[in-house]
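Topology and contacts: notes
As a plain string of letters, each chain reads:
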Amino acid sequence: MRNSYTPHTEQDVKSMLDTIGVGSIEELFSPIPRELRVKSFNLAPGLSEFDALNKMQSLSARNNTQDVQFMGGGFYDHFIPATADALASRGDFYTAYTPYQPEASQGTLQALYEYQTSVCNLFGMDVSNASLYDGGTALAEAVLMAFRATRNRDTVLIDANVNPLYRDIVKSYLSPLGFKIKEIASNDYQLNRKELISAIDEQVASVVLQNPNFFGTVDDYTDIADASHSKGALMILSAYPLSLGLLKSPGEMNADIATAEGQSLGLPLSFGGPYLGILTANEKYIRSMPGRIVGRTVDKDGNDAFVLTLQPREQHIRREKATSNICSNQGLCALRALIYMSLIGRGGLKELSKTIYDKTQYAKKALAGIKSLKIPETPCFNEFVIELPGDAGQFRDALSKKGISAGIPLGTFYPAMKNRLLVAVTEKRTREEIDALAAAIREAVL
């Protein structure tokens with residue numbers, strides 16, 4: 001063996017070339033014009049395992065993982081019970097990739113079925129698929145799903161308070177398809193109801209909202225669902241899973257499709273993923289759903305059995321009938337979400353939601369006492385905006401030197417909001433940490 005990653009010996013290579021009747025590697029690649037071939041891979045010399053481990057540890061040490069986190073914007077620093085890691089790391093789950101042969105993957109299918117059931121209960125919806133990539137792609141797939149379900153409509157209305165990353169993904173999805181996107185401008189961090197309702201007509205396939213929205217504002221969109229349905233449009237609601245222990249669920253607001261980023265359900269932040277896209281819907285739209293749906297049945301002996309009931313992608317059905325080209329679900333991430341939901345249970349979710357809400361209100365009150373700061377009086381659950389007397393990015397950098405990640409400077413996404421910071425609070429933040437945030441901001445603004 002030459003090394004761990006290119007295991008073929010010269011004899012192996014010669015044997016393979018002889019088998020296909022080619023004299024050399026150069027001859028094998030001769031159909032590729034020389035100008036199109038890779039000139040150099042520009043790779044450093046190989047390292048021993050010991051040296052490679054030292055180098056990786058040295059690189060990882062450059063990451064700042066010690067700051068007290070008040071950053072959110074859709075991804076949050078939640079506590080994850082050790083049991084979630086222990087169970088999800090079992091070899092039976094960890095090595096299984098995807099149920100291409102579902103009859104031989106009963107354990108994986110049962111886990112996904114239980115995930116779907118738990119997610120439906122959490123969101124108050126009828127059906128769920130087996131997961132998508134992340135919250136942004138789930139929302140984009142929901143928009144496409146609404147176009148399929150309503151037919152002959154060409155417009156989607158999106159509240160500008162929806163996560164800007166999600167809105168960018170929707171734009172990328174729709175840009176080559178000829179559909180129209182109309183954004184409803186934010187009304188001081190809240191939905192501009194009058195403008196949205198007046199924009200709903202017979203060409204609108206769906207209305208897209210988020211609760212809490214990107215600025216943390218909490219709302220009840222039941223009236224928007226009614227206004228949408230009166231014109232034949234669907235309401236799509238992106239929700240924060242851990243808020244549903246306190247807030248009305250998408251189902252209770254009569255949403256037709258509900259999506260979410262599932263990172264808060266037992267997935268570590270991990271510098272950007274992998275995460276989990278949750279997509280649920282009213283049952284009458286099940287055949288317009290993307291991805292896979294696992295169902296429960298009985299085998300010939302009458303025993304419970306699990307099957308891939310629907311899998312409407314190009315690989316399994318005719319291309320023109322496919323609803324999405326997403327070629328997998330996030331099986332291991334969905335499993336972690338299922339384990340997390342099972343561990344905390346219905347009562348635990350309510351208690352957790354209450355804890356997050358109470359700590360957020362404490363932080364909001366602590367910061368409201370600082371002169372030079374303005375905090376909008378919008379209802380919030382876990383996140384809120386503070387308006388600073390200067391550039392929010394500079395405040396963020398100054399507090400980072402004290403070991404506090406104070407939040408997300410909103411100028412990153414909204415150029416007119418350079419002096420505004422989005423602050424998030426989770427159950428992990430202690431009273432002392434919140435007080436330290438308030439003290440650091442007070443010192444920075446004086």
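As shown above, the structure is provided for reference.
Residues numbered from 1 in each chain as written. Predicted model: local features only at pLDDT ≥ 70, side-chain atom pairs only at ≥ 80, totals over all residues. Heavy atoms only, no water.

Observations regarding the overall build of the protein chain
Within the protein chain, the regular secondary structure consists of 13 helices and 14 strands. When burial is assessed residue by residue, the protein chain has 47% of its 446 residues classed as buried. Counting contacts in the protein chain only where the partners sit at least 6 residues apart, residues at least 24 apart contribute 70% of the total. Looking at the protein chain as shown, the accessible area adds up to about 22700 Å², and 52% of this sits on carbon and sulfur atoms. Between the centroid of the 46 positive side chains of the protein chain and the centroid of its 50 negative side chains there is a distance of 3 Å. (Helix = DSSP H or I, 4+ residues; strand = E, 2+ residues; numbered from the N terminus. Buried < 20%, exposed > 50% of the residue type's maximum accessible area, 1.4 Å probe, protein only. Contact = heavy atoms within 4.5 Å. Areas by Shrake-Rupley, 256 points an atom, 1.4 Å probe, with all protein chains shown as cover. Lys, Arg positive; Asp, Glu negative; His and termini not counted. Charge placed at Lys NZ, Arg CZ, Asp CG, Glu CD.)

What to know about the side chain of Asp256
Inspection of the secondary structure puts Asp256 in the loop between strand S6 (234–239) and strand S7 (257–261). The side chain of Asp256 sits in the buried core without any salt bridge; Lys284 is the nearest counter-charge, 5.6 Å away. One polar contact links Asp256 to His229, side chain to side chain, over a distance of 2.7 Å. Reaching out from Asp256, the side chain makes a polar contact with the backbone nitrogen of Met235 at a distance of 2.8 Å. When residues no more than four places from it in sequence are discounted, the contact partners of Asp256 are Met125, His229, Ala233, Leu234, Met235, Ala281, Asn282 and Tyr285. (Salt bridge = Lys/Arg side-chain N within 4 Å of Asp/Glu carboxyl O. Polar contact = N/O pair within 3.5 Å; in protein donor to acceptor, adjacent residues only side chain to side chain.)

Focus: the pattern of salt bridges
Pairing between side chains of opposite charge can happen when their charged atoms approach one another. Tallied over the full model, the rule gives 19 salt bridges. In this structure, Lys300 engages Asp301 in a salt bridge whose closest nitrogen and oxygen atoms are separated by 3.6 Å. In this structure, Glu387 engages Arg420 in a salt bridge whose closest nitrogen and oxygen atoms are separated by 3.9 Å. You can see Glu387 sitting in strand S11 (residues 383–387) and its partner Arg420 sitting in strand S14 (residues 420–424), a full 33 residues away along the chain.

Brief notes about the sheet that holds strand S13 (residues 408–409)
Strand order in the open sheet made by the 3 strands is S11-S14-S13, with antiparallel pairing throughout. Edge positions in the sheet fall to S11 and S13, since each has one partner strand and no second. For S11 and S14, the ladder comprises 5 bridges, and the chain directions are antiparallel. When the bridges of S14 are listed, Val385 appears paired with Leu422. (Pairing = 2+ DSSP bridges.)

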